[in-house]
Amino acid sequence: MLPLFFSEDIIQNDLVLNEENSRHVAQVLRMEKGEQIQLTDGKGTLANAVITDNHKKSCLVSITHRTIEQAKNKKVTIAISLLKNAARFEWFLEKVTELGIAEVVPLLCERTEKQHFRFDRMNGILISAMLQSHQSWKPKLQSPIKYNDYIQQAIFDNKLIAHCETNSKTHLKEIPAQNSNLILIGPEGDFTSKEIEFARDFIPVSLGDTRLRTETAGVAAAVFLCS
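Below: a short report on this structure.

Scoring rules and cut-offs
- Residues numbered from 1 in each chain as written.
- Predicted model: local features only at pLDDT ≥ 70, side-chain atom pairs only at ≥ 80, totals over all residues.
- Heavy atoms only, no water.
- Pairing = 2+ DSSP bridges.
- Helix = DSSP H or I, 4+ residues; strand = E, 2+ residues; numbered from the N terminus.
- Axes fitted to C-alpha atoms, helices over the stretch in contact; angles between N-to-C directions.
- Contact = heavy atoms within 4.5 Å.
- Left-handed = near helix turned anticlockwise from the far one by under 90°.
- Nonpolar A, V, L, I, M, F, W, Y, C, P; charged D, E, K, R; others polar.
- Core = buried A, V, L, I, M, F, W, Y, C linked by side-chain atoms within 4.5 Å.
- Buried < 20%, exposed > 50% of the residue type's maximum accessible area, 1.4 Å probe, protein only.

**As for the sheet that holds strand 4 (residues 45–53)**
Sheet architecture is open: five strands sit in the order 1-3-4-5-2, paired in mixed fashion. Either end of the sheet is taken by a strand with one partner, and the two such strands are strand 1 (4–6) and strand 2 (14–16). On average, each strand axis in the sheet is inclined to that of its neighbour by 40°, with strand direction left out of account. The pairing of strand 2 with strand 5 (residues 60–68) spans three bridges and is classified as antiparallel. In the strand pairing of strand 5, Leu15 is matched with Val61. Each of strand 1 and strand 3 (36–40) touches helix 3 (residues 119–132); the most contacted strand, strand 1, lies at about 155° to it.

**Overview of unusual backbone geometry**
Backbone geometry places Arg30, a non-glycine residue, at a positive phi of 55°. For Arg30, the location among the structural elements is in the loop between helix 1 (19–28) and strand 3.

**Structural notes on the packing of helix 2 (residues 86–99) against helix 3**
Direction vectors running N to C along helix 2 and helix 3 enclose 35°, while the axes themselves pass 8 Å from each other. Helix 3 is crossed by helix 2, and the crossing has right-handed handedness. Along the contact surface, helix 2 presents Ala86, Phe89, Glu90, Leu93, Glu94, Thr97 and Glu98, while helix 3 presents Arg121, Met122, Ile125, Leu126, Ala129, Met130 and Gln132. Among the residues forming the contact of helix 2 with helix 3, the class breakdown is eight nonpolar, two polar and four charged.

**Regarding the nonpolar core**
Core analysis: the biggest nonpolar cluster contains 31 residues, and Ile78, Phe89, Phe92, Ile183 and Ile185 have the highest contact counts within it. Counting only elements with at least two residues in this core, the list comes to strand 6 (75–81), helix 2, strand 7 (103–108), helix 3, strand 10 (158–162), strand 12 (180–185) and helix 6 (214–226).

The structure is reproduced here in structure tokens:
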């Protein structure tokens, strides 16, 4: 399997890799002129390329072949509360990318403790996880949005909410995935009763018999919906 790199623009046949990718090719992997790599733009394009100049700051490659990989028929979006511990949210992003999630929406709920969001860092984690799992589709990452505002605009075939209240719920594994699927995951301390009521047109779902951390619940939901 060829080393895979991310580049937003792989339309041209000859292109210069950015400094980070160039350094990785020349100094970390110690690749030479004539060796091959793969590139993806995170939007389904996968390209084979030959190194024509392995300069450590501006590696030049020539694309020899392109393919377009279709996105999954099942689009899965997880709208999940931001977490006080940013490292746990980063772990969530990494794992759901590996599982093939289509979109992540950071929510600002009534009990969300931390609202600061380093978009560039989080997007970089998605890119790294996409490359590590050798995929050509990067999950779309939205900017944080208030819970009520997002609920009002969400249009999906399947609209689900996972919460801890004891009312009637269906296990997520029993709900057939549709073409587009959205699941809401609440913050530490769960959604408030008011928030749950506001999502009255969402199907309440269970993720199992134990109470999960927010980030674990997000990964579990991805496993059920992406499989």
